[in-house]
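Coordinates in review
So you can see what is in the structure, the chains are spelled out below.
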Amino acid sequence: MAGEKVLVLNATGKVGRNTCRALKEAGFEVFGTTRSNTSELTKMGVHPVTCNYTDRTDLDRALAETGAKKVFSITDYFLAAKSKPEVEIQHGKNAIDAAKAAKVDHFIFVSVVDAECFNEHVKHIKTKIIIEDYLRQSGLPFSILRPTAFFDDPKNWNPLKKGALKFLSTKTIKYCATYDIGRAAAVMFKNRDTWLSRSLDVIAWEGDLSQVAKALEKVGGVPVTFKLAMPIFLRRLFLKDLHNMFLYFEAGGPKGSPAEFRKVIPEALSAEDWFRFHGFYSNGEKIGA
Ligand SMILES: NC(=O)c1ccc[n+]([C@@H]2O[C@H](COP(=O)([O-])OP(=O)(O)OC[C@H]3O[C@@H](n4cnc5c(N)ncnc54)[C@H](OP(=O)(O)O)[C@@H]3O)[C@@H](O)[C@H]2O)c1
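This write-up is about the structure you can find in this document. What you see is a predicted model, and the numbers here were worked out from it, not measured in a lab. Throughout this description, residue numbers start from 1 for each chain and increase along the sequence as written. Predicted model: local features are reported for residues with pLDDT of at least 70 only, side-chain atom pairs are reported and counted for 80 or more only, and whole-chain, interface and lining totals are derived from all residues. Just so you know, side-chain values use all the structure's heavy atoms and leave hydrogens and water out.

1. Re the site of the ligand
To be near a molecule or strand, a residue needs just one of its heavy atoms within 4 Å of it. In the neighbourhood of the ligand, 24 residues make up the surrounding shell, with N10, T12, T34, R35 and T75 lying closest. Any pair of N or O atoms that falls within 3.5 Å is considered a polar contact. Within protein, one atom must be able to donate a hydrogen and the other to accept it, and sequence-neighbouring residues count only if both atoms are side-chain atoms. One of the side-chain nitrogen or oxygen atoms of K14 is found 2.9 Å away from an oxygen atom of the ligand. At 2.8 Å from an oxygen atom of the ligand is found a main-chain nitrogen or oxygen belonging to F150. Only the protein chains shown count as cover for residues, with accessible areas throughout obtained via the Shrake-Rupley method and a probe of 1.4 Å. About the coverage of the ligand: the protein hides 83% of its 940 Å² of free accessible area. Strands are runs of DSSP state E lasting at least two residues, helices are runs of H or I lasting at least four, and both sets are numbered from the N terminus onward. Those elements giving two or more residues to the shell around the ligand turn out to be α1 (14-25), α5 (123-138) and β7 (149-150). Each residue is assigned to one of three groups, with Ala, Val, Leu, Ile, Met, Phe, Trp, Tyr, Cys and Pro labelled nonpolar, Asp, Glu, Lys and Arg labelled charged, and all others, Gly among them, labelled polar. Of the residues assigned to the shell around the ligand, the class counts are 8 nonpolar, 10 polar and 6 charged.

2. Re the nonpolar core
Remark: nonpolar core denotes a set of buried residues (Ala, Val, Leu, Ile, Met, Phe, Trp, Tyr, Cys) joined through side-chain atoms within 4.5 Å. Burial here depends on accessible area, computed with a 1.4 Å probe over protein chains only, as a share of the maximum for the residue type. Under 20% is buried, over 50% is exposed, and the range in between is partly exposed. With 37 residues, the main nonpolar core has W157, L160, L165, Y175 and F275 as its most contacted residues. Looking at this core, the elements that each hand over two or more residues are β8 (164-167), β9 (173-176), α9 (209-220), α11 (240-250) and α13 (271-278). If one sorts the elements of this core by residue count, α9 sits on top with 6 residues. Residues V8, A11, V15 and A268 belong to the second largest nonpolar core, which totals 31 residues.

3. What to know about the packing of α9 against α13
In this description, a line fitted to the C-alpha atoms serves as the axis of each element, helices being fitted only across the stretch in contact, and the angle between N-to-C directions of two axes falls anywhere from 0 to 180 degrees. Viewed as axis vectors pointing N to C, α9 and α13 meet at an angle of 45°, and their least axial separation amounts to 8 Å. Of the possible angle classes, the one that applies to α9 and α13 is oblique. α9 and α13 meet at a crossing whose hand is right-handed. Facing α9, whose interface residues are V212, A215, L216, K218 and V219, α13 presents A271, E272, F275 and R276. These descriptions rest on fixed angle ranges, namely under 35 degrees for roughly parallel, over 145 for roughly antiparallel, 65 to 115 for roughly perpendicular, and the rest for oblique. Throughout, a crossing is termed right-handed when the near helix is turned clockwise from the far one, and left-handed when it is turned anticlockwise from it by less than a right angle. Contact definition: two residues touch when any of their heavy atoms are within 4.5 Å.

4. Looking at the state of the cysteines
We call a pair of cysteine sulfur atoms a disulfide whenever their separation is within 2.5 Å. Counted according to the given criterion, the structure contains 0 disulfides. Looking at the unpaired C117, the closest cysteine sulfur is the one in C176, lying at 17 Å.

5. Observations regarding the pattern of salt bridges
Any carboxyl oxygen of Asp or Glu that lies within 4 Å of a side-chain nitrogen of Lys or Arg is treated as forming a salt bridge with it. What the rule picks out here adds up to 20 salt bridges. Put simply, E285 and K162 hold a salt bridge, and the shortest N to O gap is 2.7 Å. Here E285, found in the segment after α13, pairs with K162, found in the loop between α6 (154-157) and β8; they are 123 residues apart in sequence, far enough to count as distant. Judged by relative accessible area, E285 falls into the partly exposed class, the value being 29%. Between D180 and R183 there is a salt bridge, with the nearest N and O atoms lying 2.7 Å from each other. Here the residue D180 and the residue R183 both occupy positions in helix α7 (residues 178-190), the gap between them amounting to 3 residues, near one helical turn. Residues participating in the shared-partner salt-bridge network are E116, E132, D133, R136 and R146.

6. Quick word on α9
Given the number of residues in a helix, its expected span is that number minus one, multiplied by 1.5 Å. Taking 1.5 Å of rise per residue, 12 residues should cover 16 Å, and α9 covers 16 Å from first to last C-alpha, within 8% of that figure. Listed as buried for α9 are L209, V212, A213, A215, L216, V219 and G220. Considered in projection along α9, the buried side chains sweep an arc of 155° and stay on one side of the axis. The exposed set on the far side of α9, more than 90 degrees from its buried face, consists of K214 and K218. Looking one or two residues beyond α9, the residue adopting positive phi is G221, at roughly 75°. Think of it as the arc spanned by the lines of direction from the helix axis to the C-beta atoms.

7. Topic: the sheet that holds β9
For two strands to be treated as a pair, DSSP must find no fewer than two bridges joining them. The sheet built from 3 strands is open, its strands ordered β7-β9-β11 with mixed pairing. The outermost strands of the open sheet, each flanked by one partner alone, are β7 and β11 (205-207). In this sheet, β11 lies alongside β9 in antiparallel orientation, the contact comprising 3 bridges. Within the sheet, the bridge partner assigned to I173 lies in β11 and is G207.

8. Comments concerning the sheet that holds strand β2 (residues 29-34)
Sheet strands line up and pair through hydrogen bonds in the backbone, either parallel or antiparallel. Strand order in this open sheet of 7 strands is β3-β2-β1-β4-β5-β6-β10, and the pairing throughout is parallel. With one partner strand each, in any of the chains shown, β3 (47-50) and β10 (199-202) form the two edges of the open sheet. The mean angle between the axes of side-by-side strands here comes to 20°, regardless of whether they run parallel or antiparallel. Examined bridge by bridge, strand β6 (residues 142-147) and β10 share 4 bridges and lie parallel to one another.

9. A few points about the environment of G182
Considering the arrangement of structural elements, one finds G182 in helix α7. Classification of G182 as buried rests on a relative accessible area of 0%. As a C-alpha pair, G182 and R17 span 165 residues in sequence and 8.9 Å in three-dimensional space. Ignoring anything within four residues of it in the chain, the contact list for G182 reads T19, A22 and L23.

Any functional reading would require information beyond the geometric quantities listed.
Written out as C-alpha cells, the structure reads:
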C-alpha cells in the first residue's frame, strides 16, 4: 500500500494542501494538481501536475501522466464554479468520468456533512448531493468524506488576528481541520475494502466562539476578545447561502459527533490543537511567540 501513487485534485487549496501532507506522512507517493503554483507543491515533496482540475482534458492528461489509480477529489462552488451550481456539478462529474475512463481503483470525494439536511438556499452544499449521487451511480469504486466547518478558513476569522476573533456565528458549531480530512483519506486509501461505498463525517471538535477564543488564548498566551463578524440581519441580507448554512449548524446540526470520528482518527485536532498546528496569525506572526 505505502508508496502507491495518489493524485490530489485542487492540491494547493486548504483541503488539498493538508491532504497532500497527510498522505505523504502516511507513505503515499503524492501528485497534486495546480494551474500554476508548482513551487508550493514541490516544497512539500509533492509532484506538481500542471492541470486545471475543472477541465476534463487536463484531468485525462494528469491521470495518464501520473498513472495514479487513487484519486482525491474536491470541487469548489464559490471560486472555481463562480457560484454557479451547474458548473460545480459539472466539475465533479468531469473528475468522476475522467477517473472512470482511467480505471481508477479508489476515488475519494470531499462532500459536506449532512448535505441533504440544509435548506434550498444553501446552494454550495446542495451541489454536493448531486455529485455524490452521480458518483454512486458511476460504478467507480469510491468513498466519501463529509467534513463539517473548517478551522482553517482564514476568511472565517476575518482574518486570524492576535487578541481578537470574529466569526459569522458565536453559537456552538462543530468543526474540523482540513489536515484531518487528509488523515481520514489516508485511512480510507490504506483500507480500501473496508471503506468502499461508505462515507465518513469529519467532525473533530465542538464549541462556541468563547471556547474557540479560550483555545487561542491558551496557545497564543495573550487575552483574546471575540464577537460576531457582522450583525445577523446583515448576514441574512448579504450572505444568504452561508447564513442558511449557519442556521443548520446553530440549530444543533450536524448529527454526527467528534467521538464517532475519533474512532477512525483518535488524535483528531481540537481548536487548541489546530491553533498549534496552524502556527501563525494572518500577518505571519507566530502564534505564541
Ligand atoms: N470552508 C469550510 O468550512 C468548508 C467546510 C466543508 C466543506 N467545504 C468545501 O470545501 C471546498 C473548498 O475547498 P478548499 O477550501 O480547499 O478550496 P480553496 O482553498 O478555496 O481552493 C483554492 C484552490 O482552487 C484553485 N482554484 C481557484 N480558482 C480556480 C478556478 N477558477 N479554476 C480552477 N481552480 C481554481 C486554486 O488552485 P491553483 O491556483 O493552484 O490552481 C486554489 O489553490 C468547497 O467545496 C466547500 O464547499 C468547505
